[in-house]
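What follows is each chain in one-letter form.
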Amino acid sequence: MRGIGAQEAKGFWADAWDRVRRRPGAMLGMAWIAVMGFFAVFAPLIANAHPIRLERLGAEGQVLSVEWPLLAYLSPTDWLLMIATAFGVPWVFFGAGRLGRSGRIGVLIGLTMQAGATIVLAALLIWAAEGSGIESLERLTRLESGPWPLVLASAIIAAVVAIAVPIAAPLARRIGPILGAAALGFVLSWLAGGQSLVNHEQVILDEAAGKVRATWTLIPWSSQYTRSDMVGIPPGTRVADWEKTASFKGTPFGERRVLLGTDAIGGDVLGQMLWACRLSISIGLVSTGISVVLGVTIGALMGFFGGWVDLLLYRVVEIFMSVPTLFVLIVAAGVLPRNTYVMMAIIGFFSWTGAARFTRAEFLKLRKMDFVQAAQAAGLPVRAVLFRHMLPNGITPVLVDASFAIAAAITIEATLSFLGLGPDGQASWGKLLSSATAATGTFVWWLAVFPGLAIFLSVLSYNMLGEAMRDAIDPKLRKAAH
Amino acid sequence: MAAHDTIATTASQPVEPLMSVEDLAVSFDNGSGPRIQAVAGVSMSVYPRQTLAVVGESGCGKSVTAMSSMQLIPRPPGRFDSGRIMFEGRNLLELPEREMLKVRGGKIAMIFQEPMTSLNPVYTIGDQIMEAVLLHQAVSPDEAARIAIKAMADVGIRDPEGRMRAYPHQFSGGMRQRVMIAMALACRPSLLLADEPTTALDVTIQKQILELLRGLQQSTGMGMMLITHNLGVVAENADVVCCMYAGRVVEYAPVTELFDRPLHPYTRGLFRCIPGLSELRNRLVTVEEVVTDPREYQGLRSEAGPVVPWWPFMDQSQRPSLDDPSRPYALVEVSPNRWVGCWRTPEVARHPSRPPRIAPA
Amino acid sequence: MATYLLRRLLLMIPTVLGITLMVFLLVALAPGGIGAGLAVQGGQMSDTSKVAQMQAYLEDRYGLNDNVFVQYARWLGRVSPLKFGTTPLVAPTGDLVREPRDLPEPVMTWAFPAPAAFVVQYTVPSGDALIEDFKRLQREAEGTRRTYVGSVRGMKDALADHVRALGAPWTARLEPKGGADPERFRDLSLDGDAPTLVKLRSAAAAMHASWTEAEASRQRATIAFLARPYPAAGFEIIPNAFSLGAPDFGVAFSRNRPVWDLIATALPVTILINFIAFPIIYLVAVPTGVLASVRRGGAFDVISGLMFLLLYSVPVVLTGVFAIGFLANNQYLGWFPVSGLHDSAAATMTFMPYTDVAGTWHRGWLLDMVWHLALPVLCLVYAGFAVLSKQTRAAMLENFSSDYVRTARAKGVPSRDVIISHVLRNSLLPLITMFVGIFPAMLGGSVVVERIFTIPGMGSLVIEAINLRDRELILANTFMISSVSLLALLLADILYALCDPRVAYD
Ligand SMILES: Nc1ncnc2c1ncn2[C@@H]1O[C@H](COP(=O)(O)OP(=O)(O)OP(=O)(O)O)[C@@H](O)[C@H]1O
Ligand SMILES: [Mg+2]
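Computed from a predicted structure; not experimentally measured. (Residues numbered from 1 in each chain as written. Chains lettered and ligands numbered in written order. Predicted model: local features only at pLDDT ≥ 70, side-chain atom pairs only at ≥ 80, totals over all residues. Heavy atoms only, no water.)

## Focus on the overall build of chain C
Where we set the bar: Each helix is a run of H or I in the DSSP string that is no shorter than four residues. Each strand is a run of E no shorter than two, and both are numbered from the N terminus. Burial classification: accessible surface area is computed with a 1.4 Å probe over protein chains only, and a residue below 20% of its type maximum counts as buried, one above 50% as exposed, and the rest as partly exposed. For this analysis, residues touch if any pair of their heavy atoms sits within 4.5 Å. All accessibility values rest on the Shrake-Rupley procedure with a 1.4 Å probe; residue burial counts only the protein chains present in the view.
When helices and strands are tallied, chain C shows 15 helices and 9 strands. When burial is assessed residue by residue, chain C has 47% of its 506 residues classed as buried. By sequence separation, contacts in chain C at least 24 residues apart represent 74% of the contacts at least 6 residues apart. Here chain C displays about 23,600 Å² of accessible surface, and carbon together with sulfur accounts for 64% of that area.

## Side note on the nonpolar core
Generally speaking, nonpolar side chains in soluble globular proteins are found buried as a group. Here is the rule: In these notes, a set of buried Ala, Val, Leu, Ile, Met, Phe, Trp, Tyr and Cys residues joined through side-chain atoms within 4.5 Å is what counts as a nonpolar core.
Within the largest apolar cluster, 192 residues are counted, with the highest numbers of intra-cluster contacts made by Ile-330 of chain A together with Phe-453 of chain C. Sorting elements by how many residues they give to this core places helix α13 (residues 415-452) of chain C first, with 17 residues.

## A look at the sheet that holds strand β10 (residues 248-254) of chain B
Whether parallel or antiparallel, the strands of a sheet pair through hydrogen bonds between backbone atoms. Residues and elements named next belong to chain B. Basically, it comes down to this: Any two strands with at least two DSSP bridges between them are considered paired. Angles shown run from 0 to 180 degrees and are taken between the N-to-C directions of axes, each axis being a line fitted to C-alpha atoms and, for helices, limited to the stretch in contact.
Taken together, the 8 strands give an open sheet; going across it, the order is β6-β7-β8-β3-β9-β10-β14-β13, and neighbouring strands pair in mixed fashion. A single partner strand is all that each edge strand has here, and the edge strands are β6 (108-111) and β13 (329-335). Neighbour-to-neighbour, the strand axes of the sheet open up by a mean angle of 20°, direction not taken into account. With 4 bridges connecting them, β6 and strand β7 (residues 191-195) associate as parallel partners. In the strand pairing of β7, Ile-111 is matched with Ala-194. Running over the sheet, helix α7 (residues 173-185) touches β6 and β7 and is turned about 175° from β6. The strands touched by helix α11 (residues 265-273) within the sheet are β3 (51-56), β9 (240-245) and β10, with β9 carrying the most contacts at an inclination of about 105°.

## Some thoughts on the coordination of the magnesium ion (ligand 2)
All names here are of chain B. Convention followed: In this description, a donor is an N, O or S atom within 2.8 Å of the metal centre, a cutoff extended to 3.2 Å for sodium, potassium and calcium. Water is not part of the atom list, which can make sites seem incomplete.
All of the protein donors around the magnesium ion (ligand 2) are Ser-63 (OG) and Gln-113 (OE1); their distances to the metal are 1.9 to 2.1 Å. In this pair, Ser-63 sits in helix α2 (residues 62-68) while Gln-113 sits in the loop between β6 and α4 (125-136), placing the two residues 50 residues apart along the sequence. Relative accessible area serves as the criterion here: at 28%, Gln-113 is assigned to the partly exposed category.

## A word on the confidence of the model for chain B
Stated formally: A residue's pLDDT is the confidence the predictor assigns to it, expressed on a 0 to 100 scale.
Mean pLDDT over chain B works out to 83, with 92% of the residues at or above the 70 mark. Here residues 1-12 of chain B is a poorly scored stretch, pLDDT under 50, and it has 7 contacts once near neighbours within four places are set aside; other chains count.

## A closer look at the interface of chain C and chain A
Rules: The term buried area refers to how much accessible surface (probe radius 1.4 Å) is lost by two components on association, counted for both of them together. Whenever Lys or Arg places a side-chain nitrogen within 4 Å of a carboxyl oxygen from Asp or Glu, that contact is recorded as a salt bridge. Distance and chemistry together define a polar contact, namely a pair of N or O atoms within 3.5 Å, with one atom able to donate a hydrogen and the other to accept it when in protein, and with adjacent residues in sequence counting only for side-chain atoms on both sides.
Opposite the 54 residues of chain C that make contact, chain A presents 45 residues. The junction of chain C with chain A conceals about 4,200 Å² of combined surface from both sides, 80% of it contributed by carbon and sulfur atoms. Counting the contacts that link chain C with chain A gives 1 salt bridge. Residue Lys-390 of chain C pairs with Glu-467 of chain A through a salt bridge whose shortest N-O separation is 3.4 Å. Between chain C and chain A we count 2 residue pairs in polar contact (both at pLDDT 80 or more) in total. Those elements that provide at least two residues to the side of chain C that touches chain A are α1 (2-29), α9 (299-312), α10 (316-328), α11 (364-400), α13, α14 (458-468) and α15 (471-499) of chain C.

## Regarding the packing of aromatic side chains
Formally: We call Phe, Tyr and Trp rings a pair once their centres come within 6.5 Å, taking the six-membered ring for Trp, and we label the pair stacked below 30 degrees between planes, edge-to-face above 60, and tilted otherwise. Think of it as a cone above the ring: NZ of Lys or CZ of Arg counts as a charge over the ring if it is within 6 Å of the ring centre and within 35 degrees of the ring normal.
Enumeration over the complete set of coordinates arrives at 28 aromatic pairs over all chains. Between the aromatic rings of Tyr-252 of chain B and Trp-339 of chain B, the centroid separation amounts to 5.9 Å while the plane-to-plane angle is 85°, which identifies the pairing as edge-to-face. Here Tyr-252 of chain B, found in strand β10, pairs with Trp-339 of chain B, found in strand β14 (residues 338-343); they are 87 residues apart in sequence, far enough to count as distant. Across this residue pair, the class does not change: Tyr-252 of chain B and Trp-339 of chain B are buried. Three or more aromatic residues link up through ring pairs in this structure, and these residues are Phe-24, Tyr-72, Trp-75, Phe-249, Trp-260 and Phe-479 of chain C. A cation sits over an aromatic face here: Arg-360 of chain A above Tyr-314 of chain A, 4.4 Å from the ring centre. Sitting over the ring of Tyr-123 of chain B, Arg-425 of chain C keeps its end group 5.8 Å from the ring centre.

This is the structure:
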């Protein structure tokens, strides 16, 4: 009716976003996720046992040579993430031009994904060429030597091409930052190119002896660096104050503080925790991405075609639903290689049923609605009907639930790592947590409290965000909230 | 029974209405934005044995008015802004919950407009009717079952004993509506609020049910507020008609007079929409056409002088000057027993008319 | 109702098959596969050729060389209650005895023709002598088979040695780990008298000799088996063709014990923990959800919602570690036991607590268990609170605004009765459905909890099985966990059908 309570309509997503923004919990959650994301990207620059700059000194203290061990240590993935964040994020928030903010986010994500995909592709090629098994895949994250400047360059070129092809108009404006990023990548990789890695122990000893001068990162421990004489140091202790390393008194190494203590094999807890942000965030995002894509596709097929397709696929959904997922995940993680990519894949593969059911229900509903039938009657091909007309409508509940799915994936990663089934050679909160009550039977509180808090806050953040989004979007709950 | 006594006394002195709604205003919280004013100053009254028909377009506040008198408006988001609803000398809007429980179902019963969803799916029909009986009459469960069976038989449900044990989903929409009516009538209320009671029924059943209700009115003296969109039903069953628009009463009159000579342009528009059998028209007239025609607003007089029928979408230029811009509307008795919603011009404000009451002859 | 139940039970079969097939493929196709577990075992032996022989024996025993689907079908055949083929017998020890299997074919028959097939004539004694005779033949068949399988392996090793001696183009056909698949060397000429060739020939001779011996004892053992030294297992319908019998999960090679024995002790523990946890979840979450919905938007609603969301965000492993560290470990509070289901002295305890003559209080078996289970159950329940109370609240709110609740209020039903007998009664249905979502998750969660608190349930068992790559154990665990989960879901379905009159059984 005309008179009563008529209100100006706002865009669906804009309205939802406004509602989310009004929730302090959701905003705090996003802040924490941003902090985690920052550390995930910049952990190699913040916490690293490789000095940034290493000056070899002669007998009289004159500088013989200068090395950049940290730069040599960074992998293509590190570079990609850092460049994308350092240039892309400011561009998204402050960049001018014809593109709106959401357009810029789209461009950034598309660019990064494209570059990432190229890196994976290149690594796969190397793998195929060398045929030395799964280990070479792991070089994606820790490629210590190899043709990675090439990989980076090809990634960036591919990104430029991918971005340029679909929309040609505001090309010039986007080419600037991209070329900038590429140039920087080349300069940096040229700087670092061909240098061999340093031996940390040796550097520390040389530093004590005055043979080198090193500029360290903010937290001069990396996730991989362990010392058998530094096992179980409580938080805040100075290295020189620890009985077994008292010999370092007076050296730069001896003056360092172990801010959050060390673990059962003598690794720094804070360094590992920062590096673990990367594992958590990437597993959360990628495995949820896999499950959403799988689930939406299968759900759309079921909902759109109905009939025997639905019947058959729904049996599969039922199998996945009625079986304890965590149990199957434990089995899968146990027998498959302990590897980040495998873990992402299995978590994604065993958690798509939720998305599939949502999409199916939505599609079943939408299939009967007028606009879809109208589109079909107009002679559009099935693909167009599915993706242009139905998908945008059907996908909303799935996206809302994705936040919870990310939280669940982070929990699963922590759990599997806790059980010793996590990726090998990677720092993980769950792994740290499991060493809190390790074999000896003593309980090391800082190994439980700090990683535990990190897991809890991350899971909570995503849950809070999910709650807020669900309340903002679910019309049924919205009605009930009145 | 107490209810019968009151009816008997009020019936012998037919000056007092059974229930009278006076200047009721109800609004709803909309979450964000301004409150929705669902009802903005409605007055009407029902006498024993009388049928008051409430008509008006969808969303004009008919159901809200009826539900207010049972305090069934969820508060919040709802709120009673002003007015009162008098019943047996008490204001129903202010009755405490404990007193209200006795009124609901016992003295005033209501039939809701959604028969498909208004019955609880997990209880049998018998249980649901008996629940009402047991709440309001001091009888044994066996006796209650007997009353329930009789009520079901009264509304024309065949095999009532057997149907007692059936669940709502085993009934068709029309059958469910009849169950709702049986449930409402099982306690012999003195006032029945029937919110589109026959919308879900086919024409023959509709006729039966309305005849049944009329019979009950004659035998028990029950008053009825009949909310409907069907003007045919109004013509056949109502004594008094209250026509609403946008939360206000636009016309209030005995049924024959209203049908003979509607005064408000909106009411006129409403009647002209009905394709008459006697007249042959080339095309149907819409309400819109009538209410936007400035000529329709001229020439209406009352004791206070000339008045202009109220219409919220009237052009600013054609509106008369008002006594108080914050209260633009008044229900004016333009001639004996004829009320029309008018702009509250200074003359109208000086001659306050009495609240609409049309006692049965 | 009966047909409904039957149909539901039948529908469970493909589900269980699907999940076990998935796990079977995972275990079988995973890099390293089952062999990884075998290698761990074999690694204890120093002699590498002995390791290889041992591996060959185990591979033969568990049929690991066959196609995975064949392996799966064999596993299914043993687990299925409908059994086709020769009926197994039950030895007095309770072990199942199956018909001796056919021997694998000798390899490289194109170069070293296999000995001719033969049929052994053997008359079995009767009565008790048969049992003794069968036992002897069984041992003999087992021993000769083992020798034969080992000699086949020796043959392959000799071939690999020869190929390596030949060098360049040929070595490319070797397998990555250095083994030789004879089929890939059909075109290899074996003439000459290189030392490796001499060895290969003698290996072939050894293989043929041991085949003849193994085949003879296999045939004798088969004849004795068919004479039925022991009673048949299960219920025989067509003799030696079709019978009914209990599922046979095989022998766990990591512990060399029947899998069923291990599960029979572990499963009740897991079920016990879950069945303690469930009522607690419902008892806490449902009233909270109801109250929150009644006081919607009020302090209780907001605080309980926030509390439960916080709890929901705490992973089980975190609670477990904190509970063990701060509540159970003697470094801190030490209030609860750190691990296990019972005190070591539990066997001598009385069931109920009592105070003896000296006035000392004994907690007894029951309290001891409660004391041990307190922390594990705590870890298992809290996450469910949030899920269930939120569902309850949402269902209640939806029903609050429903038309039939308005009808009830219009009848004059007091609001407490409206809440309980109308709103809550209708909200029960989604709560039962919720069970479907929670129960599998809880079973999975209890795996972790059992691991943290070293409780000897299915969780501990499966993690041990995974670490040792014990296929039989992993599969049986999966089978049982899925079946328990499915049965619980069936129970929920039945409950739903009982609560909702709209559900028709057929
Ligand atoms: N619970 C509620 N919350 C918010 N707004 C409400 C609520 N109930 C009614 N309204 C509003 O009050 C106005 C009047 O509604 P009402 O149900 O009385 O209409 P009606 O005249 O009965 O219409 P119909 O003929 O379609 O039944 C509508 O605009 C509606 O949006
Ligand atoms: Mg209505």
